[in-house]
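The primary structure of each chain is shown beneath.
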Amino acid sequence: MTEKTPSKVNMEKIVSLCRRRGFIFPSSEIYGGLSSCWDYGPLGVELKRNIKEAWWRAVVQERDDIVGLDTSILMHPQTWEASGHLQGFSDPLAECKNCHQRWRTDDLEGSSCPACGGELTEPRMFNLMFKTFMGPIEDMASIVYLRPETAQGIFVNFANVLDTTRKKLPLGIAQIGKSFRNEITTGNFIFRSREFEQMEIEYFVKPGTDEEWFNYWLEERLNWYLRLGIRKENLRLRQHMKHELAHYARGCYDIDYLFPMGWAELEGIANRGDFDLTQHAKHSGKSLSYFDEDAREQLVPCVIEPSAGVDRTFLAVLCDAYDEELDNEEIRVLLHLHPELAPIKVAVLPLSRKENLAQVAREVYADLRQCWAVSYDDAQSIGRRYRRQDEIGTPLCVTVDFESLEDRAVTVRERDTMNQIRVPTETLRTTLAAKLAGEALFTLPPGGKIWKEERKQNPG
Ligand code: GAP
């Protein structure tokens, strides 16, 4: 018999878990898939929503200085002229003269084709914006673009938000939404795709205070990832070199995550200065300045932009949570997801399908789902059901057994430690709420008692 040994996370394991458990499917899979587009399945959509909600809560709900917005994907084409995307949002593209594969040359190590070693054509600049036509006539005048960033929807609404909210600087506007880029090289699963979601803040400040706010947001955003449970050693800040800076940026840092393929950008935090408001004022002919009541003068605010990717956060959260351990000579795969992010918070598991037991279990289930995303599973052995929940990161399982019929109590089992406690059904909601809020599992609720420990072996 070959001994099973737990091993470290890699991209194949994440892709396989996502496919197997319904987190992520290739887009239009029955037709062979569509390159670099992905569909989020029943568990994936929950995890993704939880990430977006955690972000929205931290940057909008819990703050006085930031408001939300949801702007359209299609925008007036002049937007992209003003923002510089028509001229500047391009990557250098070269084609192999032998195998005709296309490559982004700023990503290449050498000067020949990485696939076959053939000679490459001279690079030409390739604009990453997707074009389409608005209305029934497909001519130059009807070209519109799918937005490559959500940011521009915020800039063009700056005056609307200022007028309707009567807010003072510093003022942030936050938006979550889809963006599209016709990326030349994609890959690493959902890390770089052609359709993705961004969570962006444009934080408008008085000129001269921008450096201070820039530093503030670097710390604030790094802390957000830590609060989601991502390990500190897997996060770093990386300053952009001058030649890397986007056309609009005075300065930029990336928050990088140590993905299985190496360090890569999770979020960019840029000081955009007054570039965007000045450009849009010039191109639209509308004033986008702000009247500073203290100085009694008009000014054009500077902008600090923390711009995060939903899909990359999703991938980082999964990679960070993934774990394997040896348990009773079997490999236990588990996701140590933060309870706030876990797609399912609690699973209700009746020990048997017998009607008297199932009835109590269904009552418990009906009660708990008023508070949380709860699943009900009565198929196969209890051990297998625990493993299924571990693998999708469910923090707590509630088992209803024959003793429950007598004592109106259930067993609560915790994902990470596999410890179990017995809890009366009447205090179950409060116990689970406390556990999900981070209270140690063995703080017993009134009337609770320590039940049993699942046998657990340490690897090695
Ligand atoms: N408004 C600024 C902006 O869009 P960016 O660095 O190009 O800046 C911000 O993008 C974030 O959007 C990135 O840090 C990344 O998380 C996400 N992102 C960008 N391109 C992506 C792609 N092709 N696939 C998935 N996420 C992407």
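This text follows the structure it describes.
Note that the structure is predicted; figures quoted are calculated from it, not measured.

## Comments concerning the sheet that holds strand E4 (residues 90-95)
In space, the three strands of this open sheet follow the order E5-E4-E6, with antiparallel pairing throughout. The sheet is open, and its two borders are formed by strand E5 (102-104) and strand E6 (124-127), each paired with just one other strand. Strand-to-strand twist of the sheet, defined as the mean angle between neighbouring strand axes without regard to direction, takes the value 45°.

## Digging into the side chain of Thr71
Among the secondary structure elements, Thr71 is positioned in the loop between strand E3 (66-69) and helix H3 (78-83). Assessed through its relative accessible area of 13%, Thr71 is described here as buried. Non-local contacts of Thr71, meaning those with residues more than four positions away in its chain, are made with Arg147, Gly153, Asn157 and Gln175.

## Overview of the site of the ligand
Taken together, 21 residues sit near the ligand, with Glu149, Arg181, Ser193, Glu200 and Glu265 positioned nearest. Take Glu149: an N or O atom from its side chain is 2.6 Å from a nitrogen atom of the ligand. Calculation on the ligand without its partners gives an accessible area of 560 Å², and the protein chains cover 91% of this total. Those elements giving two or more residues to the shell around the ligand turn out to be strand E10 (195-205), strand E13 (262-273) and strand E16 (302-309). It is E13 that contributes the most residues to the shell around the ligand, five residues altogether. Of the residues contributing to the shell around the ligand, the split by class is six nonpolar, five polar and ten charged.

## Considerations on the packing of helix H10 (residues 355-368) against helix H13 (residues 428-436)
Interhelical geometry of H10 versus H13 gives an angle of 55° and a closest axis separation of 11 Å. Between H10 and H13, the interaxial angle falls into the category oblique. Handedness of the H10/H13 crossing: right-handed. Taking contact as the criterion, the partners of Val364, Asp367 and Leu368 in H10 are, on H13, Leu428, Arg429 and Leu432. Among the residues forming the contact of H10 with H13, the class breakdown is four nonpolar, no polar and two charged.

## Points about the sheet that holds E13
Two pairing modes exist for strands in a sheet, parallel and antiparallel, and in both the strands are linked by backbone hydrogen bonds. In spatial order, the strands read E3-E9-E10-E16-E13-E12-E11; together these seven strands make up an open sheet with mixed pairing. Every other strand in the sheet has two partners, leaving E3 and strand E11 (235-239) as the edge strands with one partner each. Between one strand and the next, the sheet's axes are offset by a mean angle of 25°, whatever the strand orientation. For E3 and strand E9 (residues 171-180), the ladder comprises four bridges, and the chain directions are parallel. Bridge assignment links Gly68 to a residue of E9, and that residue is Ala174. Along the sheet, helix H2 (residues 42-61) makes contact with E3, E9 and E10, crossing E9 at roughly 160°.

## Digging into helix H7 (residues 210-227)
Taking 1.5 Å as the rise per residue, H7 with 18 residues should run 26 Å; its terminal C-alpha atoms sit 25 Å apart, in good agreement. Burial in H7 covers these residues: Asp210, Phe214, Trp217, Leu218, Arg221, Trp224 and Tyr225. For H7, the buried positions fall inside an angular range of 135° around the axis, keeping them on one side. What points out from H7, more than 90 degrees from its buried face, is the exposed set Glu212 and Glu219. Positive backbone phi, approximately 95°, marks Gly229, located one or two places after H7.

Conventions used here
Residues numbered from 1 in each chain as written. Predicted model: local features only at pLDDT ≥ 70, side-chain atom pairs only at ≥ 80, totals over all residues. Heavy atoms only, no water. Pairing = 2+ DSSP bridges. Helix = DSSP H or I, 4+ residues; strand = E, 2+ residues; numbered from the N terminus. Axes fitted to C-alpha atoms, helices over the stretch in contact; angles between N-to-C directions. Buried < 20%, exposed > 50% of the residue type's maximum accessible area, 1.4 Å probe, protein only. Contact = heavy atoms within 4.5 Å. Near = heavy atom within 4 Å. Polar contact = N/O pair within 3.5 Å; in protein donor to acceptor, adjacent residues only side chain to side chain. Areas by Shrake-Rupley, 256 points an atom, 1.4 Å probe, with all protein chains shown as cover. Nonpolar A, V, L, I, M, F, W, Y, C, P; charged D, E, K, R; others polar. Parallel < 35°, antiparallel > 145°, perpendicular 65-115°, else oblique. Left-handed = near helix turned anticlockwise from the far one by under 90°. Expected span 1.5 Å × (residues − 1). Arc of directions from axis to C-beta.

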